[in-house]
Amino acid sequence: MIEIEHLIKRYPGPTGDITVLDDLELSVAKGESVAIVGPSGCGKTTLLNILGTLDTATSGSVSIAGQALDTMNDEDRIRFRNQSLGFVFQQHFLLPQCTVMENTIMPRLAGGWEESEEDTRSRATSLLEELGLKHRIDHMPYQLSGGERLRAAVARALVNRPSIVLADEPTGSLDPAMGEQVADLFASLNQEHGVTLVTVTHNEALADRMGTKYELNKGKLVSP
Ligand SMILES: Nc1ncnc2c1ncn2[C@@H]1O[C@H](COP(=O)(O)OP(=O)(O)O)[C@@H](O)[C@H]1O
Ligand SMILES: [Mg+2]
């Protein structure tokens, strides 16, 4: 599902380029779940952003579902992102002035949606119910707890029925007690929905629930 070969990512710095990802390799099978751990600043977000087509590699090849990302034009890339990927960001980025339902169906606005709004809403309702947010559908983000906000962000990530979900420290803003619940949620996403899952995390409970665990160390993924 995901094939990365010889990935190098450099950023320009005040005293020359810094190499964040250095000849990194990764292979993720369809339906696999992967946790990526590593200290702050080691390049985890950089790697997820490249996988999510939000950033580009300096060199090397990245392909997802058999498609090389660097051969896609902008239009292909946007369509691919909207149709095949789901993102869960650390800060969730729910729009504060929109309800949970409006936030969940927000990806429609990105374009490339062929189904009717009614159909998207009905799927969003099922997702929100499944995620325990039935009573929060018309609430605003500020009325939700941290865990509820995360679940709303997960519903938004799933509303396009993605084959791959990328999550960047999804438990980062939650208290430790929420860790187990989020780990359950992600494990069921993978096991019950067959979603290929790559999550960056500091949370041991979450990392341990994923099928494969890597540490990002000196720009490469290694078994911890
Ligand atoms: N746009 C950028 N320009 C320059 N340096 C960057 C940029 N984004 C990230 N970096 C640097 O790359 C390194 C890895 O960052 P990041 O991927 O955010 O790490 P992590 O998510 O593991 O904490 C850091 O040293 C960071 O300062
Ligand atoms: Mg990060």
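Preceding this section is the structure that the text describes.
Since the structure is predicted, the reported quantities are computational estimates derived from the model, not experimental observations.

Novice: Sorry, what's going on with the site of ligand 1 here?
Specialist: Around ligand 1, the structure places Tyr11, Val20, Pro39, Ser40, Gly41, Cys42, Gly43, Lys44, Thr45 and Thr46. In this structure, Cys42 approaches ligand 1 through a main-chain N or O atom, which is 3.2 Å from an oxygen atom. Thr46 is positioned with one of its side-chain polar atoms (N or O) 2.5 Å from an oxygen atom of ligand 1. Considering every element that reaches the shell around ligand 1, the biggest residue donor is helix H1 (residues 44–51), with 3 residues. In terms of residue class, the shell around ligand 1 is built from 4 nonpolar, 5 polar and 1 charged.

Novice: Where do I start with the packing of aromatic side chains in this structure?
Specialist: To describe a pair of aromatic rings, you give the distance between the ring centres and the angle between the ring planes. Per the counting criterion, the structure on display carries 2 aromatic pairs. The interplanar angle of 10° and the centroid separation of 5.5 Å between the aromatic rings of Phe87 and Phe89 together place this pair among those described as stacked. Residue classification places Phe89 among the partly exposed residues on the basis of a relative accessible area of 27%. Here Phe89 and Phe93 contribute two aromatic rings whose centre-to-centre distance is 5.5 Å and whose plane-to-plane angle is 70°, an arrangement assigned as edge-to-face.

Novice: Would you take a moment to explain the side chain of Glu148 for this structure?
Specialist: Examined against the element boundaries, Glu148 turns out to sit in helix H5 (residues 146–158). Once you skip the residues sitting within four places of it in the chain, Glu148 turns out to touch Leu133, Arg136 and Gln143.

Novice: Would you take a moment to explain the nonpolar core for this structure?
Specialist: Soluble, globular proteins show a tendency: their nonpolar side chains are buried together. The biggest cluster of nonpolar side chains holds 37 residues, and the ones touching the most others in it are Val88, Leu128, Val154 and Phe186. Contributing elements (two or more residues each) for this core: strand S3 (33–37), helix H3 (100–104), helix H4 (117–130), H5, strand S7 (164–168), helix H6 (179–193) and helix H7 (204–209). For this core, the element with the most residues is H5, which contributes 7 residues. Leave out the neighbours within four places in its chain, and Phe186 touches Val88, Val154, Ala167, Pro170, Leu197, Leu206 and Met210. Leu24, Ile36, Val200 and Leu221 belong to the second largest nonpolar core, which has 29 residues in total.

Novice: Honestly, the sheet that holds strand S4 (residues 59–64) in this entry has me stumped. Any pointers?
Specialist: One key point about sheets: their strands pair by backbone hydrogen bonds, in either a parallel or an antiparallel sense. An order of S2-S1-S4-S5 is seen for the 4 strands of this open sheet, with the pairing classed as antiparallel. At either margin of the open sheet sits one strand with a lone partner, and together these are strand S2 (18–28) and strand S5 (67–68). Sheet topology places strand S1 (residues 2–11) next to S4; 5 bridges connect them, and they run antiparallel. Bridging from a neighbouring strand, Glu3 pairs with Ser63 of S4. On the sheet, H1 packs against S1, S2 and S4 and is oriented at approximately 125° with respect to S1.

Novice: Teacher, can you tell me more about the pattern of salt bridges here?
Specialist: Side-chain pairing between opposite charges can occur once the charged atoms of the two side chains come close. Applying the stated criterion across every chain yields a total of 12 salt bridges. For Arg79, the salt bridge is made with Glu75, and the minimal N-O distance between the two is 3.6 Å. One end of the pair, Arg79, and the other, Glu75, are both in helix H2 (residues 74–84), 4 residues apart, so they sit about a helical turn from each other. Owing to a relative accessible area of 37%, Arg79 belongs among the partly exposed residues under this scheme. By relative accessible area, Glu75 is classed as exposed at 59%. In this structure, the salt-bridge partner of Glu129 is Lys134, at a minimum N-O distance of 4.0 Å. According to the relative accessible area criterion, Glu129 is partly exposed, its value standing at 39%. One salt-bridge network, in which partners are shared between bridges, spans Glu75, Asp76 and Arg79.

Parameters and conventions
- Residues numbered from 1 in each chain as written.
- Chains lettered and ligands numbered in written order.
- Predicted model: local features only at pLDDT ≥ 70, side-chain atom pairs only at ≥ 80, totals over all residues.
- Heavy atoms only, no water.
- Near = heavy atom within 4 Å.
- Polar contact = N/O pair within 3.5 Å; in protein donor to acceptor, adjacent residues only side chain to side chain.
- Helix = DSSP H or I, 4+ residues; strand = E, 2+ residues; numbered from the N terminus.
- Nonpolar A, V, L, I, M, F, W, Y, C, P; charged D, E, K, R; others polar.
- Phe/Tyr/Trp six-rings, centres within 6.5 Å; stacked < 30°, edge-to-face > 60°.
- Buried < 20%, exposed > 50% of the residue type's maximum accessible area, 1.4 Å probe, protein only.
- Contact = heavy atoms within 4.5 Å.
- Core = buried A, V, L, I, M, F, W, Y, C linked by side-chain atoms within 4.5 Å.
- Pairing = 2+ DSSP bridges.
- Axes fitted to C-alpha atoms, helices over the stretch in contact; angles between N-to-C directions.
- Salt bridge = Lys/Arg side-chain N within 4 Å of Asp/Glu carboxyl O.

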